[in-house]
Amino acid sequence: MDLQLLSRICEQLDSQEVASLCFLCREAVSKKSLEGINDARGLFKKLADQCLLENNSFLRQLLQTIRREDLLRLLGADNRQLMETDASPLLSGYSVMLYNIYEDLCKEDLGKIKFFLGDKLGRRPTEMCKTVLDVFAEMEKKGFLSEIYLDELHSVLQNVNPLLASKVQQHMQHLRDNHRPVAALPSDPAQVRLPVRETQLRDVEQNLFSDAEPAVRPSRTANDTEYYSLTHKPHGLCVVFNNEFFPRTGLRERAGTIEDDADSLRAVFTKLGFTVVVHKDLTATDIERELQRLANRNFVNEDALVVCVLSHGQKGCFYGTDGATVKIQDVTQPFTSTRVPTLAGKPKLFFIQACQGDDLQMGCVPCPPRPAQNVDMEQSRLEEDAGFVRGETVPDGADFLLGMATVQDYKAFRNTTTGSIYIQELCSPVTKSAESSEQDDILSILTRVNREVSKGVFQWRKKQMPEPKYTLTKKLVLKLD
């Protein structure tokens, strides 16, 4: 790895971040060798000794976990390194879960945790713990915490922060679902004996069976593996951010968005069994605040999340009413499985009605040519949801669907009388499919939306092409509640 670049990264990491990185590295580097490290150079030397810095993969994982996006950008993109990620040591879900819990706790919560654990950890060790990560490390030393012993942590968090306790419960359930051992803590911690290191256990447990166990585990039913489950009532939340007025920004009023788009989305997703919440005319900061509040929600009793954005926009972003931008990746990223475990394995749908550039798409005459369409009547009512800056793209993550009104660099049209072309074309087939006996999944529906919108001829005889992007792992079928 480039030593000069590594030195620059070292200079920008403070002592608290170094402590966090050391905590995350405990399964890649022995805990004893990490003791006494107080700066990034010392840590990186240990990682280099273990050949963990031969490419950027492991360092990327570390920086991404502590949310240092600026340092990630310093590393740049390297396709070769990304392809080698599968061969690189990954941070365990257990360590990342503990770190995320630590991030979500405040100083007052630290005091409560130390109070509940004081008798078990001992007075002096408890007093020596300056952060929640210190508490976790001490719990591990005393045998109260490990990847397969989580009951004590779960119990303490139920008294301190029930939402975070649900993340521990979700992790335990994930281990069970993947046939990983989850053990209750013995009444006497001295009885805890691990015959092999936990990392060794994870490596070999997949090949261990009792004499009574079949060599091949029974598979789940077709419905479990092929379709997302929608069993709760309501199925989940549908949150709509609807911006119409942009005072003192130079952005025009978005006529047609209130009476038509927002009302259509409310009607459709209410029929589909979702609780619909509409936020009207929010600034960029207010939108980000609402998204963070939503990400802190416990989704244990909900099957899915839907977020719709109706606003002006530009490449990779959309506008708040104050003219400031929100990156589309910042809309989806708070809901990844790591950050919101209660949404792990559940569909997360995002629909963005906003321009993604200033260009207008041209049409191409097919062979044989089709008859010209009579579109002049509606041209005076068409506007673009456009703006004036550049942004970024969507992030990775499982079980996401991002429905964009238009492809990158181009404008999206809205009829000032009947609403946005994309939203109206989306609501109609979703409703028809929900009412029919066919098992049409959402991707089949969005293909129809693409086809219908692409047939249209809009302002100055221009075209619009929607673009779905997805990492769904199952089929999602929406039916009337």
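Everything quoted here is computed from the prediction, not taken from an experiment.

Our next topic: the nonpolar core. In this structure, Leu13, Phe44, Leu47 and Phe136 are the most contacted members of the largest nonpolar core, which totals 58 residues. Looking at this core, you find at least three residues from each of domain 1 (1-77) and domain 2 (92-177). In this view, phenylalanine 44 contacts Leu6, Ile9, Cys10, Leu13, Leu53 and Leu59; residues no more than four positions away in its chain are not counted. Listed in part, the 32 residues of the second largest apolar core include Val240, Val306, Cys308 and Leu349.

Let's shift gears to the pattern of salt bridges. Under the counting rule described, the total for this entry stands at 16 salt bridges. Across the pair arginine 67 and glutamate 103 runs a salt bridge, and its minimum N-O distance is 2.2 Å. On the criterion of sequence distance, the pair formed by arginine 67 in the loop between helix H5 (57-65) and helix H6 (69-75) and glutamate 103 in helix H8 (residues 93-103) is long-range, its members being 36 residues apart. One salt-bridge network, held together by shared partners, links Glu17, Arg68 and Asp70.

Right, let's get into the packing of helix H9 (residues 107-121) against helix H12 (residues 151-160). The relative placement of two packed helices comes down to the angle between their axes together with the axis-to-axis distance. Two numbers describe how H9 lies on H12: the axes approach to 10 Å, and their chain directions differ by 135°. Classed by the angle they form, the pair H9 and H12 counts as oblique. Relative to H12, H9 is oriented so that their crossing is right-handed. When H9 is examined against H12, the residues Asp109, Lys112, Ile113, Phe116, Leu117 and Lys120 are found in contact with a partner set consisting of Glu152, Val156, Leu157, Asn159 and Val160. Considering only residue class, the contact of H9 with H12 consists of six nonpolar, one polar and four charged.

Parameters at a glance
Residues numbered from 1 in each chain as written. Predicted model: local features only at pLDDT ≥ 70, side-chain atom pairs only at ≥ 80, totals over all residues. Heavy atoms only, no water. Core = buried A, V, L, I, M, F, W, Y, C linked by side-chain atoms within 4.5 Å. Buried < 20%, exposed > 50% of the residue type's maximum accessible area, 1.4 Å probe, protein only. Domains from an automatic or database assignment. Contact = heavy atoms within 4.5 Å. Salt bridge = Lys/Arg side-chain N within 4 Å of Asp/Glu carboxyl O. Helix = DSSP H or I, 4+ residues; strand = E, 2+ residues; numbered from the N terminus. Axes fitted to C-alpha atoms, helices over the stretch in contact; angles between N-to-C directions. Parallel < 35°, antiparallel > 145°, perpendicular 65-115°, else oblique. Left-handed = near helix turned anticlockwise from the far one by under 90°. Nonpolar A, V, L, I, M, F, W, Y, C, P; charged D, E, K, R; others polar.

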